[in-house]
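Survey of secondary and tertiary structure
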Amino acid sequence: MTNKFYVTTPIYYVNDKPHIGSAYTTVVADALARANRLRGVPTMFLTGTDENSQKNVEAAQKAGAAGKILSEADFRSYLDEMATIWQRTWKELGISFDDFIRTTEERHRKAVDRFWRAVSKSGDIYKDSYESLYCVGCEEFKTPFAIKDSHCPLHPNQELQLVKEENYFFRASAYKDELLKLYHDHPEFIQPVSRMNEVRSYVKDAFEDFSISREAKHLSCGIPVPDDDSQRIYVWFDALINYLSAVGYGTDDKLFKKWWPATLHLVGKDIIKFHCALWPTMIMSAAKSDPLLQNEDGSPMLPERIFAHGFFTIDGQKISKSLDNAVDPLDLAKEYPFDAVRYFLLREIPFGEDGDFSKTRLAERYNTDLGNTLGNLVNRAISMSRKYFNNQVPNTNVQNTMTALPETSWAGSEGMDTLWQSVDQYIEATRLDLALETIWTGENCSLISANKYVEETKPFKLAKDNLEQAGIVLYTLLEACRQYAWMIEPIMPNIAEEIIRQLGQDPKKERKQGIKVLKTWGGLKPGSELPEPKILFPRNS
RNA sequence: CGCGGGGUAGAGCAGUUGGCAGCUCGCCAGGCCCAUAACCUGGAGGUCGUGGGUUCAAGUCCCACCCCCGCAACCA
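These remarks concern the structure in this document. (Residues numbered from 1 in each chain as written. Chains lettered and ligands numbered in written order. Predicted model: local features only at pLDDT ≥ 70, side-chain atom pairs only at ≥ 80, totals over all residues. Heavy atoms only, no water.)

**Quick look at the overall build of chain A**
Cut-off, in case you're wondering: The way it works is that DSSP assigns letters per residue, a run of H or I at least four long becomes a helix, a run of E at least two long becomes a strand, and they are numbered from the N terminus. Each radius of gyration reported is based on C-alpha atoms, and the globular scaling rule is 2.2 Å times the count of residues to the power 0.38. Throughout, exposure labels follow a simple rule: accessible area from a 1.4 Å probe, protein chains only, divided by the maximum for the residue type, with under 20% read as buried, over 50% as exposed, and the rest as partly exposed. The contact criterion used is simple: two residues touch if any of their non-hydrogen atoms lie within 4.5 Å. We get accessible surface area from the Shrake-Rupley algorithm with a probe of 1.4 Å; when it comes to residues, only the shown protein chains can shield them.
When its secondary structure is counted, chain A shows 22 helices and 16 strands. The C-alpha radius of gyration of chain A comes to 27 Å, within 12% of the 24 Å expected for a compact globule of 541 residues. Per-residue burial for chain A yields a buried fraction of 56% across its 541 residues. Taking all contacts inside chain A whose residues are at least 6 apart in sequence as the whole, residues at least 24 apart take part in 76%. Total accessible area computed for chain A in this model is approximately 23,700 Å², and 49% of it derives from carbon and sulfur atoms.

Structural data, given as structure tokens:
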């Protein structure tokens, strides 16, 4: 692994505001970014908007007054407005993106220009007259192979359009073998495995050259082809390059060298072909003529990993506007602390699989996992300490708290180390669901174990006849809570900080000490003040 | 021969490299009283879709079959 973490989400079309699906991708990226930052890894987290699409034009048209012709300025202000909405939504949801790229920005245009010229110099762009069936739904030309009953299988009720025009083509097919070799040599390149298989068979059977431009007269947006103003770059060819332009390709070589290649592209399962097949071949080609895209040995600098996550249904049904079941993440944030929604999204769905979103289930998880198990543990530990130890963390010898009291199942500070190891391992594997599961119900020092430890030792009784032991147990619980807070920080940043504050510590100061210190047993100072606890997750009926 | 997902306790779901079938909710019984009617223990409840096969051992691998869900547009 490299010593930096550059993670991306897809750039989103701005034909609508964010819904729970795009929020999911973005929350996953955010949690991974936070986890890496916490671990001291230099992190770049990129998200943004895809603005050069005909779909956006249509949306802008609809948003405007009926019958009014959309002017260039109208479109631009629509894009600005939507981009603002997306950015604001992410901020309200606590998304810690480091950069937000818009494909209408100058820096992107420059990157695309440089990239196109590089591919062209490599001899992989040619002009050809093209007559083919075009699916407006997919925004792509369909090969005969991909057509069923003279319709696109993805959009069977939409007529395919017969388009005949001069276009530029990208010689992707020239890289087919190199691509297959990449899959073979780097099985981790595409995850989960099922997607790798899907992509591989697509490349083997149906991978052809891509048409990468459209005649400008058909489009009211798009980046002009370098040196040919009559053509506009096809939206996908332009969009993928955002991952380069955001880190300085074409504008800032030094910055680019710092961040590229991307560590991880997070994508939805619907766009894997573009990311897993087209994108690497684009780079392979450009790299031949652009040293900036080459590794030291001259090989192309490809992204390290692409992870395709699944889709949500809402109460078992596909997200659809006609059913009006699209869930607005901002609405959810009104009903629950958004940390709770983040927890739900990341805990509920095995990463990479499809999953279901239901408010009932969210309420259940909120009350049980969060309120009963975590919130209650923090609350009872602090309350008892305050009650029996003068509103302080028991002033006990930390050494004595590293092992459990006899005849209990608590695994001690070693168990806590083991828990950290599992958590780190799962985060590394992008399995946040498993990381959370382990923290909650695992063998070693999970939240459940901690609650059990209370039952086994009964500190509320010990306080009466063995105050020293009571102190040991309570210190153990408080210190465990401190560590739990840091374990869940990437997933629930606000709650984590709140727990730290309730333990009488300053989250910012603690964070500065670095992960190694945070993980070390005994970070909580014996005898320090404990403020009155507040309910972390008020029960919701 | 379209594509994809799935069939595991009443409900919702986990089950990495095959090794005594788990989690949450609900239900029953008990304990506890520090805490958010929260916490802990025990119990009932599963022929892991069906039929074959490989293996000392299969929910997990192989083969066949059955059933369910999504695939106009909006849409990750």
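After that view of the structure, there is still more to cover.
**Some details on the sheet that holds strand S12 (residues 264-268)**
What counts is decided by this rule: We treat two strands as partners when DSSP finds at least two bridges between them. For helices, the fitted axis covers only the stretch in contact; all axes are lines through C-alpha atoms, and the angles between them, taken along N-to-C directions, range from 0 to 180 degrees.
The six strands are arranged S3-S2-S1-S12-S13-S7 in an open sheet whose pairing can be described as parallel. The sheet is open, and its two borders are formed by strand S3 (99-102) and strand S7 (190-191), each paired with just one other strand. The sheet contact formed by strand S1 (residues 5-13) and S12 spans two bridges and is parallel. Looking at S12, one finds that Val7 is bridged to Leu264. Packing against the sheet, helix H10 (residues 272-289) makes contact with S7, S12 and strand S13 (306-309), and its axis sits at approximately 140° to S12.

**Re the nonpolar core**
Selection criterion: Definition of nonpolar core: a set of buried residues of the types Ala, Val, Leu, Ile, Met, Phe, Trp, Tyr and Cys, connected through side-chain atoms within 4.5 Å.
One finds Phe357, Met416, Trp440, Tyr484 and Ile488 to be the most contacted residues of the largest nonpolar core, which totals 110 residues. The element best represented in this core is helix H19 (residues 467-488), accounting for 14 residues. Ignoring sequence-local partners within four residues, the contact set of Phe357 consists of Ile20, Phe312, Thr313, Ile314, Asp315, Val327, Leu332, Phe344, Leu345 and Leu362. The next biggest cluster of nonpolar side chains, apart from the first, holds 67 residues, and it includes Ala246, Trp260, Ala262 and Phe274.

**Some details on the packing of aromatic side chains**
Put simply, the rule is: Pairing of aromatic side chains here covers Phe, Tyr and the six-membered ring of Trp, requires ring centres within 6.5 Å, and sorts the geometry by plane angle: under 30 degrees stacked, over 60 edge-to-face, intermediate tilted. For a Lys NZ or an Arg CZ to count as sitting over a ring, it must be within 6 Å of the ring centre and within 35 degrees of the ring normal.
If you walk through the whole model with that rule in mind, you get 30 aromatic pairs. Ring centres 6.2 Å apart and planes at 70° place the aromatic pair Tyr6 and Trp260 in the edge-to-face group. Placement of Tyr6 in strand S1 and of Trp260 in the loop between helix H9 (253-259) and S12 is noted, with a sequence separation of 254 residues between them. With a relative accessible area of 0%, Tyr6 lands in the buried category. Looking at Trp260, the relative accessible area reads 1%, which means it is buried. Each ring, one from Trp410 and one from Tyr453, has its centre 5.5 Å from the other, and the planes form 20°; the classification is stacked. Placement of the pair is Trp410 in the loop between helix H14 (398-401) and helix H15 (412-428) and Tyr453 in helix H17 (residues 447-457), with a sequence separation of 43 residues. Trp410 gets classed as buried once you look at its relative accessible area, which sits at 6%. Grouped by ring-pair contacts, the aromatic residues Tyr6, Phe115, Trp116, Tyr168, Phe170, Tyr175, Phe237, Tyr243, Tyr249, Phe256, Trp260 and Trp279 constitute a single cluster. We note Arg114 situated over the ring of Tyr249; from NZ or CZ to the ring centre the distance is 5.0 Å. Above the plane of the ring of Tyr202 lies Lys273, whose end atom (NZ or CZ) is 4.7 Å from the centre.

**Notes on the pairing of S3**
Burial along S3 is two-sided: Asp99 and Ile101 facing one way and Phe100 and Arg102 facing the other are all buried. Where strand S2 (residues 43-50) meets S3, four bridges bridge the pair, whose relative direction is parallel. Opposite Gly48, over in S3, you have Ile101 as the bridge partner.

**Some points on the packing of helix H13 (residues 359-388) against H17**
We apply this condition: What sets the label is the angle itself: under 35 degrees gives roughly parallel, over 145 gives roughly antiparallel, 65 to 115 gives roughly perpendicular, and the rest give oblique. Less than a right angle of anticlockwise turn of the near helix away from the far helix marks a crossing as left-handed, whereas a clockwise turn marks it as right-handed. Gly is placed with the polar residues, together with every amino acid not listed as nonpolar (Ala, Val, Leu, Ile, Met, Phe, Trp, Tyr, Cys and Pro) or charged (Asp, Glu, Lys and Arg).
At a minimum axis distance of 10 Å, the contact between H13 and H17 shows a crossing angle of 40°. It follows from the interaxial angle that H13 and H17 lie oblique. As for how H13 packs across H17, the hand of that crossing is left-handed. Together, Thr373, Leu374, Leu377, Arg380 and Met384 of H13 and Leu447, Ile448, Ala450, Asn451, Val454 and Glu455 of H17 make up the contact between the two elements. Partitioning the contact of H13 with H17 into residue classes produces seven nonpolar, two polar and two charged.

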